[in-house]
Amino acid sequence: DVKVTQSSRYLVKRTGEKVFLECVQDMDHENMFWYRQDPGLGLRLIYFSYDVKMKEKGDIPEGYSVSREKKERFSLILESASTNQTSMYLCASSKDRGKGTQYFGPGTRLTVL
Amino acid sequence: AQKVTQAQTEISVVEKEDVTLDCVYETRDTTYYLFWYKQPPSGELVFLIRRNSFDEQNEISGRYSWNFQKSTSSFNFTITASQVVDSAVYFCALTRGTTSGTYKYIFGTGTRLKVLA
């Protein structure tokens, strides 16, 4: 079974802090994705990566950056957290240049005070 | 624009009723993939089905069935004889090609299904 893990289930940070969300997958997938989920808006893609050190902006990249130094790990970085970044963050991975099934981690609920 | 519309925000049914969740999509791509995911209260999205644009055959898996119609750009999901464990948020998703040759998902806003005992 594919396993996607995220470093924290719940996180509370203060405005202006730098925040790191970590995601690890164990199935050697090329593609990894970061989404945020907000009520009434569904899942929105922040960034994705289709190879080590490769990244591409999603639909809402502002205020975020990512890092993929190793194939199995994809990090989402909030350079200076703001209250409007309070959300559920979901990581996913897939094969086949992204058209394959995406497998999701359990999510990190981030609260920015 | 490419998008996925799930017009039903929330549906409540009584156990053993059948229920259909609607998904309508728009795309310019000739090759694309459609998905349904389930998000139970625990929060983790669970994959249910993947369908490519060239395969319009309907699919049945136990109490679940899917009806894909390109003519109406719809990919509807039916649960027969619903159970309380079916209570969840269900998302429909569509792939979209990118300039880098990869694919991204576009998700609908989800339908919350409540099955009452």
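Procedures and definitions
- Residues numbered from 1 in each chain as written.
- Chains lettered and ligands numbered in written order.
- Predicted model: local features only at pLDDT ≥ 70, side-chain atom pairs only at ≥ 80, totals over all residues.
- Heavy atoms only, no water.
- Helix = DSSP H or I, 4+ residues; strand = E, 2+ residues; numbered from the N terminus.
- Rg over C-alpha atoms; globule rule 2.2 N^0.38 Å.
- Buried < 20%, exposed > 50% of the residue type's maximum accessible area, 1.4 Å probe, protein only.
- Contact = heavy atoms within 4.5 Å.
- Areas by Shrake-Rupley, 256 points an atom, 1.4 Å probe, with all protein chains shown as cover.
- Lys, Arg positive; Asp, Glu negative; His and termini not counted.
- Charge placed at Lys NZ, Arg CZ, Asp CG, Glu CD.

### Some details on the overall build of chain A
So, point 1. When its secondary structure is counted, chain A shows 0 helices and 11 strands.
So, point 2. Counting from the amino terminus, chain A carries its helices and strands in the arrangement β-β-β-β-β-β-β-β-β-β-β.
So, point 3. The C-alpha atoms of chain A give a radius of gyration of 13 Å, which matches the 13 Å a tight globule of 113 residues would have.
So, point 4. Along the longest, intermediate and shortest principal axes, the C-alpha atoms of chain A span 40 × 25 × 25 Å.
So, point 5. By the burial criterion, 51% of the 113 residues in chain A qualify as buried.
So, point 6. A separation threshold of at least 6 residues defines the contact pool for chain A, and within that pool the share at least 24 residues apart is 56%.
So, point 7. For chain A, the computed accessible surface area is about 5,300 Å², with 49% contributed by carbon and sulfur atoms.
So, point 8. Counting 18 positive and 15 negative side-chain charges, chain A places the centres of these two groups 3 Å from one another.

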